[in-house]
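Inside the fold
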Amino acid sequence: MIIVPAYDLVVLPGIHLYFKKAYYRELAQKEPEIGDNIVFILLKQHKERREITEEDIFPVGVTGIVDEIDGEDNIGIRTISRITLNQVDVVENRVQFVERADIEDISEQEIDKHFKDVRNAILKFSNQFQWGIIARQYILNWKSIFEMISSLSTQLNITSEEKYKILEEDMISQRVAMIEKALYEMIEVTKINGEAEKALTESHQMVYREEALKRQIEFLQKQLDDMHPESVSDIRKFEQKIQSSGMNAIAKKEAEKVLNRMKQEGQNGHEYGILYDYLDFTTSLSWEKAPFARINLKRAEKILDEEHYGLKKPKQRIIQQIAVMALNKKQSGSILLFVGAPGTGKTSIGQSIAKALQRPYVRVSLGGVKDEAEIRGHRRTYVGAMPGRIMEGIKRSGASNPVMVLDEVDKLGKDYSGDPSSALLEVLDPEQNSTFTDHYMNVPYDLSDVLFICTANSTDTIPEPLLNRMEVIAFQGYTASEKLQIAKKHLLPKAMHSMGIIPGNLKVSDVALRKIISDYTMESGVRGLKKRMDTLCRNAAVKLVKGEKETITVGIKQLKEMLDQKPIRHDNALKEGIPGIVTGLAWTQAGGDILFLETMLTKGKGNIMITGQLGDVMKESAQVAVSLVKSMYPDKADIFAQNDLHIHVPAGAVPKDGPSAGVTLTTALASLVTGKAVSPKVAMTGEVSLRGGVMPIGGLTEKLMAAVRAGITTVFIPRDNVEDLEDVAEEVKRKLEIIPVTMVTEVLQETGIQ
Ligand code: ADP
């Protein structure tokens, strides 16, 4: 007896089965022979032959006999009868069983009828079965319903348990019913699968169709676009621009998202414009990194010198910066902050730097910026959202590595809607600016190749963290002779050129230029001077066009007429000294100036009156001066007690503040109480302490220049400011006697009060 284990199959008596020879050989441990007896056992679960125990075997099996061996690889087995197994040893091929009788409660004809019904049903759907075309012939070869279900064992949708139950059933009628049920179920499932598959392919077809249609539309659109390039649709325009812009992956994704929304929105949708603006902005930015251009330092130096006269120190520092950039092969370096009075060339030298580096130049004005969003943009959810000034500047420059001049960083404001200086910090910080994210754009942009240059009139109002990040380069005011050179070499020729006056047609004498500088302007820079040159050229142009003269020569006499204005009234040094009045030196945003400190006593009870729009700091230094003078002149105590003191600084409409008038105030009061006048050619500056010490001040260069302008000859300065004299032009130092002092008493002695 050769035991053949079967799992998940329907094996019934009276059918014909085929086997692989090799498999049989393995089971039987011998060559197959006709007449070999076989026992099929049915397994509860799939197991290797060696591991099968009696628990794994269902109680009913089938006997069979080998009745066919072909020359190829197959053997045929005919099953005979059902058996109840008693003892099974699979490995040893030993088995004990008893035959199990069928209860034949149904006629052969009836069974045959069932068989044919099911077979017809199967035939109807045969093309849907997995076995395909050959199925029909195969189906027609089945001889009984039992053979049929055996062949279809693996196609049935019932469990292995249910398959076994068919064999175990003794009543033939029941068995046939079970078989029929299993087969019809199989047919139904196949039918449903077929329908589902059909539905699926139909829906697939829809998708394919849609794709194909879209592609066709695209193709047609392209043909139309090619015919009329001027009306290429927005969508297609942006599609191309997004691809060609060189955007980073994040920006591209966002742009594509917006483009999709734009497609959905349609040209008449109310968001279309907003989406259009966004894409227009982001795709016009320059996204690709510009290659590092070799820097020619000699040429850079030449350009700076050609376009700006003087400015020795700033130029030196700029050249250093350019050299460092060349060595590092970097497009940016430390952030330079140019500080100085208006018109000293801060902005325009930025332009020359760009030219020297052969990079685009862009100027971003920050004056009056109060809202963080002006730097970093508004979120797109805002109505009328816009990109910030930085990104807007980048767009204007048309490059990713422009020289960007951030003008007036000292005029940044601050309000409830955030601090613009902290946004600016992020822009300037080399650690962060490679992923600067403008709120409007909502995607990072690399600012690390931008060369930032900031300008300011003073460093006082620049927040500390911002100032720390920058390297301050001072732009001192110009002396009169520097201004003369600037006017001659730059401002006048430029003005003439822009008005179309050829060089020979207008001549302005040096004396006239000097006069313009001294009497028609009052500034550290050259802005006013530039305006005067423009006016002069405009008037000259009228004369030339009218044909009054071929060549116009401008001397002192013609100035009033050519400049359309009267000379500016200057505060010049007083003619004679008056006790109680002393000249001070002040620093203003426009440069330096002199101011007079006037003091007066009137009958009263020791009250102090201060006028002339003085700020709190200046008022306090007035109090200090009063106390100091009282302590220095104890014998004059009565004067203070019996009089009211009035302190006034003329030009009452101009607010004044700062501690640097301390020495001047003290001297004025000392002069008042002693009745000794100070020479009107003497001026002074310095903060004073309650003990009479003189402390350093700022803006020395500008103050000394103002002193020279006003005709002062002697100036007292704090000893601690002596170092700053290095920056003062020789021309100024030559014209002044500069006396450094440590104590205010030295001033009093030198001026003859004490
Ligand atoms: P700032 O930015 O310091 O206020 P600008 O750069 O606007 O000053 O300068 C004002 C004008 O004066 C510009 O036309 C500039 O070309 C000119 N200018 C300033 N300094 C010089 C200089 N040293 N040489 C030639 N032109 C100068």
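Structural data are supplied above this passage.
Calculation criteria
Per-chain numbering applies: the sequence of each chain, read as written, is numbered from 1 onward. In keeping with the model being predicted, local features are shown solely for residues with a pLDDT of at least 70 and side-chain atom pairs are shown and tallied solely at 80 or more, while totals for entire chains, interfaces and linings include all residues. Note that water and hydrogens are dropped before the side-chain values are worked out from all heavy atoms of the structure. Being paired, for any two strands, means DSSP has found at least two bridges between them. Per the convention used, a helix needs a DSSP run of H or I reaching at least four residues, while a strand needs a run of E reaching at least two, with both numbered from the N terminus. In these notes, residues near a molecule or strand are those with any non-hydrogen atom within 4 Å of it. We call two N or O atoms a polar contact when they sit within 3.5 Å, provided that within protein one can donate a hydrogen and the other can accept it, with sequence-adjacent residues counted only if both atoms are side-chain atoms. Method for areas: the Shrake-Rupley scheme with a 1.4 Å probe, in which residue coverage is limited to the protein chains shown. Amino acids outside the nonpolar list (Ala, Val, Leu, Ile, Met, Phe, Trp, Tyr, Cys, Pro) and the charged list (Asp, Glu, Lys, Arg) are all regarded as polar, and Gly is one of them. Between the N-to-C directions of two axes lies an angle of 0 to 180 degrees, each axis being a line fitted to C-alpha atoms and, for a helix, fitted only over the stretch in contact. Throughout, a residue-residue contact means that at least one pair of heavy atoms, one from each residue, lies within 4.5 Å. Accessibility here uses a 1.4 Å probe with only protein chains present; expressed as a share of the type maximum, an area under 20% marks a residue as buried, one over 50% as exposed, and anything in between as partly exposed.

1. Remarks on the pairing of strand 17 (residues 591-603)
A regular strand places its side chains on the two faces of the sheet in alternate fashion. The pairing of strand 16 (residues 581-588) with strand 17 spans 8 bridges and is classified as antiparallel. Each residue of the ladder has a partner; that of Thr588, found in strand 17, is Gly591.

2. Here we look at the site of the ligand
Surrounding the ligand, one finds 19 residues, the nearest of these being Tyr309, Gly343, Lys346, Thr347 and Arg527. Within the contact set of the ligand, an oxygen atom lies 3.2 Å away from a backbone nitrogen or oxygen of Thr344. Between Thr347 and the ligand, the recorded distance is 2.4 Å, taken from a side-chain N or O atom to an oxygen atom. Burial of the ligand by the surrounding chains reaches 91%, relative to a free accessible area of 560 Å². Those elements that place two or more of their residues in the shell around the ligand are helix 12 (346-357), helix 17 (480-499) and helix 19 (527-546). Looking at the shell around the ligand residue by residue, the class counts come to 7 nonpolar, 7 polar and 5 charged.

3. Structural notes on the sheet that holds strand 13 (residues 470-475)
Read across the sheet, 5 strands follow the order 8-9-12-7-13 without closing on themselves; strand pairing throughout is parallel. For this open sheet the edge positions go to strand 8 (361-365) and strand 13, each flanked by a neighbour on one side alone. Going from strand to strand, the sheet's axes swing by 25° on average, the running direction of each strand aside. Lying over the sheet, helix 11 (residues 312-328) contacts strand 7 (335-340), strand 12 (451-456) and strand 13, oriented at roughly 150° with respect to strand 13. With respect to the sheet, helix 15 (residues 420-428) is in contact with strand 7, strand 9 (403-407), strand 12 and strand 13, its orientation differing from that of strand 12 by roughly 145°.

4. Considerations on the sheet that holds strand 23 (residues 714-718)
The 7 strands lie next to each other as 18-19-17-16-20-23-24, forming an open sheet whose pairing is mixed. Looking at strand neighbours, the two that pair on one side only are strand 18 (608-611) and strand 24 (737-741), the edges of this open sheet. Averaged over neighbouring strand pairs, the angle between their axes works out to 25° when direction is ignored. Strand direction decides the pairing type here: strand 20 (residues 682-684) and strand 23, joined by 3 bridges, are parallel. Each bridged residue has a counterpart across the sheet, and for Ala683 the counterpart in strand 23 is Val715. Sitting on the sheet, helix 21 (residues 616-632) touches strand 18 and strand 19 (643-648), and the angle it makes with strand 18 is about 145°.

5. Topic: unusual backbone geometry
The backbone of Gln358 sits at a positive phi, close to 55°, despite the residue not being glycine. Tracing the chain through its elements places Gln358 in the loop between helix 12 and strand 8. One non-glycine residue, Asp564, lies in the positive phi region at around 55°. Note on placement: Asp564 falls in the loop between helix 20 (559-563) and strand 16. In this structure Asp564 comes out as exposed when scored by relative accessible area, which is 55%.

Function-wise, these values are silent; they only describe arrangement.
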